[in-house]
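This is what each chain is made of:
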Amino acid sequence: MLKKKKKGYLQNVSDVSLSTYTARASMLLSNKRACTPLAVRCYSHAKVETDEEFDSRWVTYFSKPDLDTWELRKGMNTLIGYDLVPEPKILDSALRACRRLNDLASAIRILEAVKDKSGPHKEIYPYVIQELRPTLQELGISTPEELGIHKV
């Protein structure tokens, strides 16, 4: 039989063999270590980015005159990876970049991604299209619904 002292050390009682004592002691001590709470840092020295700064960062990214198709796709993949639906002004900048690069497929793909990101919130996608309608008409870009590819 094993007894626990105040400081966590174990005391061997005569009816327990040394190997059993060692195995049980190591098991108890390892369990004790696993149960101790770990210190977790709940602070950061990084500056928190506001919504306006986030939007302007992405508008600036897509407005770069030397943006190529790879950077456009990389930026959109990163942006869509966030837990948000991009603001219409970010999408406006991305669609203008698609037009600059003469990449209609990416423009349609952006609109499809926004519809997918809207998920169960059916009011978001029509709002985004409403806000982007002047840009879409100016650039000559049709929505997936106008092209008939939304049903596929």
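Preceding this section is the structure that the text describes.
Residues numbered from 1 in each chain as written. Predicted model: local features only at pLDDT ≥ 70, side-chain atom pairs only at ≥ 80, totals over all residues. Heavy atoms only, no water.

## Regarding the overall build of the chain
Note the threshold: Only DSSP runs of H or I reaching four residues or more are called helices, and only runs of E reaching two or more are called strands; each is numbered from the N terminus. Summary of the burial criterion: residues with accessible area below 20% of their type's maximum are buried, those above 50% are exposed, and those between are partly exposed, where the area comes from a 1.4 Å probe applied to protein chains only. Residue contacts follow a heavy-atom distance rule, with two residues in contact if any of their heavy atoms lie within 4.5 Å. Accessibility throughout is a Shrake-Rupley quantity obtained with a 1.4 Å probe, and a residue counts as covered only by protein chains that appear here.
In terms of helices and strands, the chain carries seven helices and two strands. Counting from the amino terminus, the chain carries its helices and strands in the arrangement β-β-α-α-α-α-α-α-α. Of all 152 residues assigned to the chain, the portion counted as buried reaches 28%. Across the chain, the fraction of contacts at a sequence separation of at least 24, relative to all contacts at a separation of at least 6, is 54%. When the accessible surface of the chain is split by element, carbon and sulfur atoms take 55% of a total near 11,000 Å².

## Considering the pattern of salt bridges
Oppositely charged side chains can pair when the atoms bearing their charge come close. Let me state the cut-off plainly: A carboxyl oxygen of Asp or Glu within 4 Å of a side-chain nitrogen of Lys or Arg is what we treat as a salt bridge.
Scanning the model with the defined rule gives eight salt bridges in all. Across the pair K47 and E53 runs a salt bridge whose closest N-O atoms are separated by 2.9 Å. In this structure, D55 and K89 form a salt bridge, with 3.8 Å as the shortest nitrogen-oxygen distance. One end of the pair, D55, is in helix α2 (residues 51-63); the other, K89, is in helix α4 (residues 88-100), and 34 residues separate them in sequence. Its relative accessible area of 47% is what places K89 among the partly exposed residues. Each member of the salt-bridge network shares a partner with another, and the members are D92, R96 and E138.

## Some words on the layout of surface pockets
Selection rule: Using only the protein atoms, space was sampled on a 1 Å grid; points where a 1.4 Å probe fits but cannot get out form cavities, open sets with protein on both sides within 12 Å along at least five of seven lines form pockets, and lining residues are those with an atom within 4 Å of a point. Grid points are joined across faces, edges and corners, and a volume is the space filled by probe spheres set on the points.
Each pocket or cavity is described by its volume, and for the largest pocket that value is around 160 Å³. Looking at the largest pocket, the residues that line it are L72, R73, M76, N77, I80, S106, R109, I110 and A113. Counting residues per element, the ones that place at least two in the lining of the largest pocket are α3 (69-81) and α5 (104-118). Broken down by element, the residue count for the lining of the largest pocket peaks at five residues, all from α3.

## Concerning the nonpolar core
One broad trend across soluble globular proteins is that nonpolar side chains are buried collectively. As a reminder of what qualifies: Within this scheme, the nonpolar core is defined by two criteria: the residues are buried Ala, Val, Leu, Ile, Met, Phe, Trp, Tyr or Cys, and they are joined through side-chain atoms within 4.5 Å.
Membership of the largest hydrophobic core comes to 25 residues, with the highest contact counts inside it found for F62, L95, L111 and I141. Secondary structure elements with two or more residues in this core: α2, α3, α4, α5 and α6 (124-139). Not counting residues within four places of it along the chain, the set of residues in contact with F62 comprises L67, L72, G75, M76, L79, I90, S93, A94, A97 and R100.

## Topic: α6
At 3.6 residues per turn, the α-helix brings residues three or four places apart onto the same side. Selection criterion: What a helix should span is 1.5 Å times the count of its residues minus one. Two axes are fitted around each residue, one to the seven residues ending there and one to the seven starting there, and the angle between them is reported as the bend at that residue.
An ideal rise of 1.5 Å per residue puts 22 Å on 16 residues; α6 measures up with 22 Å between its terminal C-alpha atoms. Where α6 bends most, at L132, the angle is about 55 degrees, and the proline P134 comes one to four residues later. Listed as buried for α6 are Y125, V128, I129, L132, T135, L136 and L139. G140 occupies a position one or two residues after α6 and carries a positive phi of about 75 degrees.

## Remarks on the packing of α2 against α3
Definition in use: Between the N-to-C directions of two axes lies an angle of 0 to 180 degrees, each axis being a line fitted to C-alpha atoms and, for a helix, fitted only over the stretch in contact. Throughout this description, any angle smaller than 35 degrees is read as roughly parallel, any larger than 145 degrees as roughly antiparallel, any in the 65 to 115 degree range as roughly perpendicular, and the remainder as oblique. Working rule for handedness: look at the near helix, and if it is turned counterclockwise from the far one by less than a right angle, call the crossing left-handed; if clockwise, right-handed. Put simply, Ala, Val, Leu, Ile, Met, Phe, Trp, Tyr, Cys and Pro go in the nonpolar bin, Asp, Glu, Lys and Arg in the charged bin, and everything else, Gly too, in the polar bin.
Between α2 and α3, the shortest axis-to-axis distance is 10 Å and the interhelical angle comes to 160 degrees. Considering their axes alone, α2 and α3 lie roughly antiparallel with respect to each other. Relative to α3, the crossing made by α2 is left-handed. Contacts from F54, W58, Y61 and F62 in α2 reach E71, L72, G75, M76, T78 and L79 in α3. By residue class, the composition of the contact of α2 with α3 is seven nonpolar, two polar and one charged.

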